[in-house]
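Structural description and commentary
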Amino acid sequence: DAGVIQSPRHEVTEMGQEVTLRCKPISGHDYLFWYRQTMMRGLELLIYFNNNVPIDDSGMPEDRFSAKMPNASFSTLKIQPSEPRDSAVYFCASTSGSSGGAGTGELFFGEGSRLTVL
Amino acid sequence: TQLLEQSPQFLSIQEGENLTVYCNSSSVFSSLQWYRQEPGEGPVLLVTVVTGGEVKKLKRLTFQFGDARKDSSLHITAAQPGDTGLYLCAAMNYGGSQGNLIFGKGTKLSVKP
């Protein structure tokens, strides 16, 4: 079975440009998460969806960040305009809310999108 | 803000040595997970512990959840180069939903042959 699929794997862009990261969760999973990982701050939750509806976006750093989930098999994270401090690895993860109850379910992560903003 | 403190931050050992890494918090959690992340990949779940005092073993890895459900440890016996990676703990507070999973910054382990 295919895992969580993210694209692109690597993106190098210049400050001010728009960046769009894409994610295809595991089929049947009803939760989707976007995380950002840096050496300084570790793994930070940006936003998560349940049944395609954004539940908590309090981790989104600024209005420059936006995320959508138009259907159960696709989500995007957009940064516009991008800044050098946005450089990080962005992970998408999915899980099934019925897998463990009380939030003990396993998160399945994609391989990440490494973003470098010059 | 609830924090998960992991220690040590970095650990470099020789093949065959034993090691323990720690995950601590001042908060009580309903469950705690350990993930391993290899370079260029996403974290992969190793184990979930739910009951205070619980001990789980996965081959050479032993996981323990503290009695008070505020801390956890991961012990590796006879470490091998394949154990190299970033070990992350993640915890869920009581009454939390899936989104309330908090990650520590991790322990970066390097096992040299």
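My aim in this report is to walk through the structure given alongside it, one point at a time. (Residues numbered from 1 in each chain as written. Chains lettered and ligands numbered in written order. Predicted model: local features only at pLDDT ≥ 70, side-chain atom pairs only at ≥ 80, totals over all residues. Heavy atoms only, no water.)

Notes on the overall build of chain A
What counts is decided by this rule: Counting from the N terminus, the helices are DSSP H or I runs at least four residues long and the strands are E runs at least two residues long. Two things to know: the radius of gyration comes from C-alpha atoms, and the globule rule equals 2.2 Å times the number of residues to the power 0.38. Exposure is judged per residue with a 1.4 Å probe applied to protein chains only, and the accessible area is read against the type maximum: over 50% gives exposed, under 20% gives buried, and values in between give partly exposed. Contact criterion: two residues are considered in contact whenever any of their non-hydrogen atoms come within 4.5 Å of each other. Here the open area of atoms and residues is found with the Shrake-Rupley method and a 1.4 Å probe, where only the protein chains shown may cover a residue. Under the counting rule used here, the positive set is Lys and Arg, the negative set is Asp and Glu, and His together with the chain ends is not counted. Taken as the charge centre is NZ of Lys, CZ of Arg, CG of Asp or CD of Glu, depending on the residue.
A tally of helices and strands in chain A yields 0 helices and 11 strands. Along the chain direction, N to C, the helices and strands of chain A fall in the order β-β-β-β-β-β-β-β-β-β-β. Since a compact globule built from 118 residues should have a radius of gyration of about 13 Å, the 14 Å found for chain A is in line with a globular shape. Within the span of chain A, comprising 118 residues, buried residues form 47% of the whole. Contacts in chain A between residues at least 24 apart in sequence constitute 55% of all its contacts with a sequence separation of at least 6. When the accessible surface of chain A is totalled, it reaches about 5,800 Å², and 49% of it is carbon and sulfur. Side-chain charges in chain A split into 10 positive and 14 negative, and the spacing between the mean points of these groups amounts to 3 Å.

Remarks on the sheet that holds strand β7 (residues 61–65) of chain B
Residues and elements named next belong to chain B. In plain terms, the rule: A pair of strands counts as paired when DSSP detects no fewer than two bridges linking them. The angle between two axes is taken between their N-to-C directions and runs from 0 to 180 degrees, where each axis is a line fitted to C-alpha atoms and a helix contributes only its stretch in contact.
Sheet architecture is open: 5 strands sit in the order β1-β3-β8-β7-β6, paired in antiparallel fashion. This sheet does not close on itself; its edge strands, each paired only once, are β1 (5–7) and β6 (55–58). Taking each pair of neighbouring strands and ignoring which way they run, the sheet shows an average axis angle of 15°. Across 4 bridges, β6 lies against β7 in antiparallel orientation. Each residue of the ladder has a partner; that of Leu58, found in β7, is Leu61.

Topic: unusual backbone geometry
Residue and element names in this part refer to chain A. Pro81 follows Gln80 through a cis peptide bond whose omega is -5°. For Pro81, the position within the fold is in the loop between β8 (74–79) and β9 (88–95). Even without being glycine, Asn51 reaches a positive phi, approximately 50°. For Asn51, the position within the fold is in the loop between β5 (42–50) and β6 (53–56). Phi angles above zero are rare outside glycine, and Asn52 is one such case at about 75°. In this structure, Asn52 sits in the loop between β5 and β6. Overall, the relative accessible area of 28% leaves Asn52 in the partly exposed class.

Examining the nonpolar core
Going by this rule: In this text, buried Ala, Val, Leu, Ile, Met, Phe, Trp, Tyr and Cys residues form a nonpolar core when linked through side-chain atoms within 4.5 Å.
With 23 residues, the main nonpolar core has Leu32, Trp34, Leu74 and Ile76 of chain B as its most contacted residues. Elements supplying a minimum of two residues to this core: β3 (19–24), β4 (29–37), β5 (44–49), β7, β8 (71–76), β9 (85–93) and β11 (107–112) of chain B. Setting aside residues no more than four positions away along its own chain, Leu32 of chain B makes contact with Cys23, Val47, Thr48, Val49, Phe65, Ser72, Cys89, Ala90 and Ala91 of chain B. Formed by 21 residues, the second largest nonpolar core is a distinct cluster that contains Met60, Met69, Cys92 and Leu115 of chain A.

Overview of the pattern of salt bridges
Residues and elements named next belong to chain A. Short version of the rule: Definition used for salt bridges: Asp or Glu carboxyl oxygen within 4 Å of a side-chain nitrogen of Lys or Arg.
Using the criterion set out here, one finds 11 salt bridges over all chains in the structure. A salt bridge links Glu44 to Arg41, with the nearest nitrogen and oxygen atoms 2.6 Å apart. Judged by its relative accessible area of 16%, Glu44 is buried. According to the relative accessible area criterion, Arg41 is exposed, its value standing at 53%.

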